[in-house]
Amino acid sequence: MADDPTVTDEVVAALRDTGDPRLQELLTGLVRHLHAFARETRLTQEEWERAIGFLTATGQMCTDTRQEFILLSDVLGLSMLVETINDRHSPGTTESTVLGPFHMTESPVRELGADIDLVGGGEACVVSGQVLSRDGTPLPGAVVDVWQADGNGFYDVQQPDVQPAGNGRGLFTADGEGRFWFRTCVPSPYPIPTDGPVGGLLRATGRHPYRPAHIHFIASAAGHTPVTTHIFVAGSDYLDSDAVFAVKPGLVTDFAPVDDPSAAGEFGVANPFRQARFDLVLEPS
């Protein structure tokens, strides 16, 4: 029977024949850190059992349209840490941020200028921009994947009986100058789901579940590294206390009020409306 000082070394030794060197490195690091955590905190048997129960419940909460483990990673800051470690963007290119737990379904292909707000009820908004390479060259035909919550702070997958599938989502192909634009509603701050284990964790630690208002983007183009990012609504609540730690100052964007019947008619929205412009600048591969 292994005693406490030797068990870690025995487990690490058992990994020595792992065929994939990177897998061996990851598992070895995981074992050493987990064992160090248990020793440092003097983890009790009851606490270990509760942790196993928590992880089991987290897995049981996952469905085809909900990823509770991503949510857990988000609220622990791990998602943002991994994103930061792997974000090698050059100055002037768009910063990345977390994917979030709601990119669980394919965005419907839409024409440029389409309205992704299929239910209404929010403040009309036009979002536009250009997909560019790092040197400022436009990227014709770039693909822009967009998803957001409705005006009440819910994603379509959260309300399948209320919102039609694909509400708040769109897959756009930029024009010959790399430009994209679409109509939507101004997003609002919203709470991440709290009816599962992650919500219980937030309550136990006295944390709020809110995210500031934002729209998600994934931009990709031939010969370039895709970027996963958000734009955050300037002035939104919770910009300084995002539940998933994903706000970067460079991604905060002005959703400017516009009172211009002519412009509203051109865009096909009610007047007055809000307008946001955000360029997506990609790193060459």
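Everything below is about the structure printed above this text.
Okay, so let's go over this structure. (Residues numbered from 1 in each chain as written. Predicted model: local features only at pLDDT ≥ 70, side-chain atom pairs only at ≥ 80, totals over all residues. Heavy atoms only, no water.)

Among the seven residues in strand E9 (residues 227-233), six count as buried, and that is most of the element. The sheet contact formed by strand E7 (residues 214-220) and E9 spans six bridges and is antiparallel. Of the residues in E9, the one forming a bridge with His214 is Phe232. Relative to strand E10 (residues 252-253), E9 runs parallel, the two sharing two bridges. (Buried < 20%, exposed > 50% of the residue type's maximum accessible area, 1.4 Å probe, protein only. Helix = DSSP H or I, 4+ residues; strand = E, 2+ residues; numbered from the N terminus. Pairing = 2+ DSSP bridges.)

Among the secondary structure elements, Ser220 is positioned in strand E7. Ser220 gets classed as partly exposed once you look at its relative accessible area, which sits at 24%. Between the alpha carbons of Ser220 and Val281 there is a distance of 9.9 Å; along the sequence they are 61 residues apart. Those residues in contact with Ser220 that lie beyond four places of it in its chain are Ala142, Val143, Pro226 and Leu282. (Contact = heavy atoms within 4.5 Å.)

Summed over the entire model, instances satisfying the criterion amount to eight aromatic pairs. Measuring from ring centre to ring centre gives 5.3 Å for Phe172 and Phe182, while their planes differ by 15 degrees; the resulting arrangement is stacked. In this pair, Phe172 sits in strand E3 (residues 169-173) while Phe182 sits in strand E4 (residues 179-185), placing the two residues ten residues apart along the sequence. No difference in accessibility class separates Phe172 from Phe182, as the two residues are buried. Members of the aromatic cluster, connected to one another through ring pairs, are Phe172, Phe180, Phe182, Phe217 and Phe278. (Phe/Tyr/Trp six-rings, centres within 6.5 Å; stacked < 30°, edge-to-face > 60°.)

This part takes up the pattern of salt bridges. Counted by the stated rule, this structure contains eleven salt bridges. Between Arg179 and Asp175 there is a salt bridge; the shortest N-O distance is 2.8 Å. Overall, Arg179 belongs to the partly exposed group, its relative accessible area being 37%. What makes Asp175 buried here is its relative accessible area of 16%. (Salt bridge = Lys/Arg side-chain N within 4 Å of Asp/Glu carboxyl O.)

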